[in-house]
Amino acid sequence: MYVFMAYVRDQNFCRLLPQKLHRSSSDPERLKVMAFPPLGIQTLAPVLRQHGHRVRLFDTCHPQMQAEHIAQAAEAEAPDVIALSCLSTTTYPAVKNLARRLKLAAPHLPIILGGAFATMNSDRILKDCPDLDCVGVGEGEELLPDYVHNLDDPASVASLVWRDAGEIVRNPSRPLIRDLNQFPYPDRTSLPIDYIESLPLDVPAVLSLDKFCTMQTSRGCPYSCIYCDIPSLSQGKWRYRSAEHVLGEMQQLNDMGYRSIYLTDDHFLLNRKRISEVCHGIIERQLQFRWGCEGRVDAVAVDQLAIMKQANCNFLAFGVEAGTQKVLDRLRKNQTLEQVENAVSEAKRQGIERVHGFFVISSPGETKQDVMASFRFAARLKLDTFGFNRLCAYRGTPLWQEYIDRGIIDDERDWDKWFKCSDIDPTALSSAAVNQVRMQGYAWLFACRIFRRPIRTYKLLRTFGRYMKTSDILKLLYSPFRRRTLSRKPDLPARMIELGLKEPALRTAAIP
Ligand code: B12
Ligand code: SF4
């Protein structure tokens, strides 16, 4: 069979590399894009090929891989099936648009959608979007080849949600894949795109021009933070590839010239023994790349930071979230401020070059004082970089369920939306209050950074300065103080729209 696979992007998270940064020595045919590679389709393509299928990949970050180009290619090349992949709710409108174009171009071509958002919303998506024929729920490595092999018999494909004479049918589920070592390594060569290591911001914050890619060495997370759908996607389980299998892929990437790798694992720092084996392997094999990962601050693996540093780990991102225990507990983060301080200090003490803290603001029940406490906490920590984003609610998270129970979200009508808590929750700070307190907080934090740690701040700016114009660095520093314009703002819940409300009404609503 001939399969088209298209990764549908959120255009807020990709940007063409500014022309002046293109290296003259590299292949001019390859496009350079500041973005993460589409690891889902890169992972599934070689699996399909192993089953004897021919695959062509598309990534909508490429200006020549937009809906109209993919539709033209579908007409010209007549694939047997098209598999669409997307990560988040924010991309659903683009998915629908692409499916529409494809159906117009090739009405009989079956279209299947997969990925995290599709997994959480399969039945509703099929009800809502007649141009999609089916949704693959969960991991695609077994499901997709099974579906492609049984295009005429969708009823036999476990974990497929499809339409049978207009009726939506949910086939029995297939279990999570046990052995993640059995699959070929992702295909990082078919797409004519070089992905550039960058910050996903609206200024060209390029981190390096080294050959860059992402990699996934484990899946899932056993915790239950209220704003996160990973536990429900992964059934609360953490599964991992063996150190040997991971090192095999790393060796391949090293030999292909990759010099920067980001691990997209939900929680890399979970198993001390495996980290140690991977790091020793990197050192013994003398692999040349730098790498980074994300993890929890209470990870048992904090004592592995020394070996991680030796193995060229230069970036570590912690989910700090808040600077008060009250908010951490409300988010069911299951971590203490002491654990945060300990993990960040330890990472810096061991010499990890860039330690990042993810913070959220406008959590339910959070006051202005709490937000300022988070900024003060961030200033005290030895973090190199930090991000303070507003907490959002996505379907499939405990927070979403809480908003249903509190009568704020109507699951039937709101399922394809995402919300900033500040826009919908009367117990969270309003948008105006968030903007104001965040600016104050950033001003304070920046001042502390410059006066208390001038050398580190200077070094960090110098890192950015390697690839950014001074004016862009200034823009980057100024960006927290101005409003970011997303190409698509979050909607409001149906009930608020009905009532003509632009802000949550009752400041007294009960918190469970
Ligand atoms: C890395 C990452 C990013 C990167 C971008 C990655 C990229 N390529 O563009 C960055 C940091 C930029 C990012 C941004 C955002 N992200 Co993000 N991201 C992730 C993360 C941590 C890992 C993704 C990954 O690499 N997975 C590895 C690959 C192999 O897995 P996969 O793509 O899911 O593919 C597997 C299956 O889904 C399936 N599959 C995939 N495609 C298909 C197709 C078919 C047909 C089939 C059958 C199966 C199938 O098979 C694959 C192999 O098993 C996930 C968490 C997660 N575990 O999914 C969050 C996650 C996807 N992100 C999320 C969110 C919310 C966002 C943002 C909206 C955040 C924000 N507010 O700014 C943006 C929007 C990004 C976008 N849509 O482009 C949420 C989505 C929740 C939701 N319901 O919407 C997740 C689940 C995190 C979370 N904790 O909730 N993200
Ligand atoms: S936020 Fe991180 S620790 Fe919390 S449930 Fe999600 S993946 Fe796990």
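Data block above holds the structure.
What comes next concerns the included structure. Because the structure is predicted, anything quoted here is derived from the model rather than measured.

## Some details on helix α8 (residues 243-255)
Alright, step 1. Here α8 is 13 residues long and its end C-alpha atoms lie 18 Å apart, about the 18 Å a rise of 1.5 Å per residue gives.
Alright, step 2. Listing the buried residues of α8 in full gives Ala243, His245, Val246, Leu247, Glu249, Met250, Leu253 and Asn254.
Alright, step 3. Against β12 (212-215), β15 (260-263) and α9 (272-284) lie the buried residues of α8.
Alright, step 4. At the C-terminal side of α8, Gly257 shows a positive phi close to 95°.

## Details of the sheet that holds strand β7 (residues 134-136)
Alright, step 1. Taken in spatial order, the seven strands make up an open sheet running β4-β1-β5-β6-β7-β8-β9, and their pairing is mixed. Strand pairing shows two members of the sheet lacking a second neighbour, β4 (54-59) and β9 (167-170), which therefore form its edges. Along the sheet, successive strands turn relative to each other by an average axial angle of 20°, direction set aside.
Alright, step 2. Bridge count for β7 against strand β8 (residues 160-164) is three bridges, and the pairing is antiparallel.

## Quick word on the site of ligand 1
Alright, step 1. Neighbouring ligand 1 are 35 residues; Phe13, Ser85, Glu141, Asp229 and Asp266 lie closest to it.
Alright, step 2. Residue Gly140 places a main-chain N or O atom 2.9 Å away from an oxygen atom belonging to ligand 1.
Alright, step 3. Within the side chain of Asp229, one N or O atom sits 2.6 Å away from an oxygen atom of ligand 1.
Alright, step 4. Counting only elements with at least two residues in the shell around ligand 1, the list comes to α1 (39-50), β5 (81-85), β6 (111-114) and α6 (140-149).
Alright, step 5. With four residues, the single largest contributor to the shell around ligand 1 is α1.
Alright, step 6. Here the shell around ligand 1 is composed, by residue class, of 14 nonpolar, 14 polar and seven charged.

## Things to note about the side chain of Gln335
Alright, step 1. Take Gln335: it is sitting in the loop between α11 (325-330) and α12 (337-349).
Alright, step 2. Judged by its relative accessible area of 2%, Gln335 falls in the buried class.
Alright, step 3. At 3.0 Å, the side chain of Gln335 forms a polar contact with the backbone oxygen of Gly319.
Alright, step 4. A polar contact is formed between the side chain of Gln335 and the backbone oxygen of Val320, at a distance of 3.2 Å.
Alright, step 5. The residues contacting Gln335, other than those within four sequence positions of it, are Arg296, Val297, Gly319, Val320, Gln325, Leu328 and Val340.

## Comments concerning the packing of helix α18 (residues 454-465) against helix α19 (residues 470-478)
Alright, step 1. Interhelical geometry of α18 versus α19 gives an angle of 125° and a closest axis separation of 10 Å. As the angle between them shows, α18 and α19 are arranged oblique. The hand of the α18/α19 crossing is right-handed. Touching Leu461, Phe464 and Gly465 of α18 are Ile473, Leu476 and Leu477, all from α19.

Rules used throughout
Residues numbered from 1 in each chain as written. Chains lettered and ligands numbered in written order. Predicted model: local features only at pLDDT ≥ 70, side-chain atom pairs only at ≥ 80, totals over all residues. Heavy atoms only, no water. Helix = DSSP H or I, 4+ residues; strand = E, 2+ residues; numbered from the N terminus. Expected span 1.5 Å × (residues − 1). Buried < 20%, exposed > 50% of the residue type's maximum accessible area, 1.4 Å probe, protein only. Contact = heavy atoms within 4.5 Å. Pairing = 2+ DSSP bridges. Axes fitted to C-alpha atoms, helices over the stretch in contact; angles between N-to-C directions. Near = heavy atom within 4 Å. Polar contact = N/O pair within 3.5 Å; in protein donor to acceptor, adjacent residues only side chain to side chain. Nonpolar A, V, L, I, M, F, W, Y, C, P; charged D, E, K, R; others polar. Parallel < 35°, antiparallel > 145°, perpendicular 65-115°, else oblique. Left-handed = near helix turned anticlockwise from the far one by under 90°.

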